[in-house]
Amino acid sequence: MNNERSRLIGIGYRMLGSYSDAEDAASEALVRWYRLTDAERDAIDVPAAWLTRVVGRICLDMLGSARVRRENYVGQWLPEPVETNATEGATDPADRVAQQESVSLALLVVLETLGPAQRVAFVLHDAFAVPFDEIATVLDRSPAACRQLASAARTHVHSRHHFVADPREHDRVVRAFASASAGGDLASLVSVLAPDVTLISDGGGHVSAARNAVLGSDRVARFVRGITAKSTDLDWSIESVNGLSGIVIRRNGAVFGVIGFDTVDGMVSSVWIVLNPDKLRHWV
């Protein structure tokens, strides 16, 4: 069941934006499976589909309570970044691109703006190709209603989020950002930032972070330069963050922060800095 648990965590992570919560959801789904009698398990034709439905229901409940928690969150809330292999077992190149896209920070940030039912319908159908008649059993709605939920979510996502076409170009832009940040030349850093770039940092009340988004290339550049100038004991390295190049910040060998990026037309359009230690427990 190890492979099945990994798949369930992948579903839960896309629904919840929290790897820790996704692990809990996957574990609970498997506990419910093992609580079934042998006869009940034998009566289930496709165990993977049964587990998908169960983890979907668990995540739907968790999304409701998560919204309440995030209303009381200190500062800006960002999804929990993960160091992930973009393939997640996929062998076909098209599948690898689809898997990578479905776990990118850019998409997860947009998914946070969806309602719980819309998010569940979108993730199950668009990321995992679950039929609407099965999604209907998760959401306790008709297949037609689930189709409408997924369609509305898809329209919203496409209006807010572009799709990364070339990870190599993304990597080039991130490396240019890292080089300019370390170089100390403010003009060089501004040149790799889109004019309307947005920076959000998440400290969760545990670590000092900007309470509000930083907007505009000049302000973002000055904010980043402030970090690099004050914190000379931090080491930055380019690593995979949610399937795309990002930056991992370490202090004395321990992960201090993770930076994810969205890039458009060869420039950085969004910067997400996760500093909350509760969201970095899986990083080494």
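The rules behind each value
- Residues numbered from 1 in each chain as written.
- Predicted model: local features only at pLDDT ≥ 70, side-chain atom pairs only at ≥ 80, totals over all residues.
- Heavy atoms only, no water.
- Core = buried A, V, L, I, M, F, W, Y, C linked by side-chain atoms within 4.5 Å.
- Buried < 20%, exposed > 50% of the residue type's maximum accessible area, 1.4 Å probe, protein only.
- Helix = DSSP H or I, 4+ residues; strand = E, 2+ residues; numbered from the N terminus.
- Contact = heavy atoms within 4.5 Å.
- Salt bridge = Lys/Arg side-chain N within 4 Å of Asp/Glu carboxyl O.

Colleague: For this particular structure, what's the right way to read the nonpolar core?
Modeller: General note: in soluble globular proteins, nonpolar side chains tend to be found buried as a group. Ranked by internal contacts, the top residues of the largest apolar core, which has 58 residues, are Met 15, Leu 111, Leu 124, Ile 135 and Leu 139. No other element matches helix α4 (residues 47–71), which puts eight residues into this core. The residues touching Leu 124, leaving out its near neighbours within four places in the chain, are Ile 11, Met 15, Thr 52, Ala 129, Val 130, Ile 135 and Val 138. Membership of the second largest hydrophobic core comes to 24 residues, among which are Val 173, Leu 193, Ile 247 and Ile 259.

Colleague: Honestly, the environment of Ile 259 in this entry has me stumped. Any pointers?
Modeller: Following the sequence through the fold, Ile 259 ends up in strand β5 (residues 254–264). Considering only alpha carbons, one finds Ile 259 and Leu 275, 16 residues apart in sequence, at a separation of 8.8 Å. In contact with Ile 259, not counting residues within four places along its chain, are Trp 236, Val 241, Gly 246, Ile 247, Ile 249, Val 271, Trp 272 and Ile 273.

Colleague: Teacher, can you tell me more about the pattern of salt bridges here?
Modeller: Opposite charge on two side chains permits pairing when their charged atoms draw close. If you walk through the whole model with that rule in mind, you get 15 salt bridges. With a shortest N-O distance of 2.9 Å, Arg 32 and Glu 28 are connected by a salt bridge. Here Glu 28 and Arg 32 lie together in helix α2 (residues 19–35), a separation of four residues that amounts to about one turn. Taking the relative accessible area as the measure of exposure, Glu 28 reaches 28% and is therefore partly exposed. A salt bridge links Arg 119 to Glu 112; the nearest nitrogen and oxygen atoms lie 2.6 Å apart. It is possible to trace a salt-bridge network through shared partners that takes in Arg 70, Glu 112 and Arg 119.

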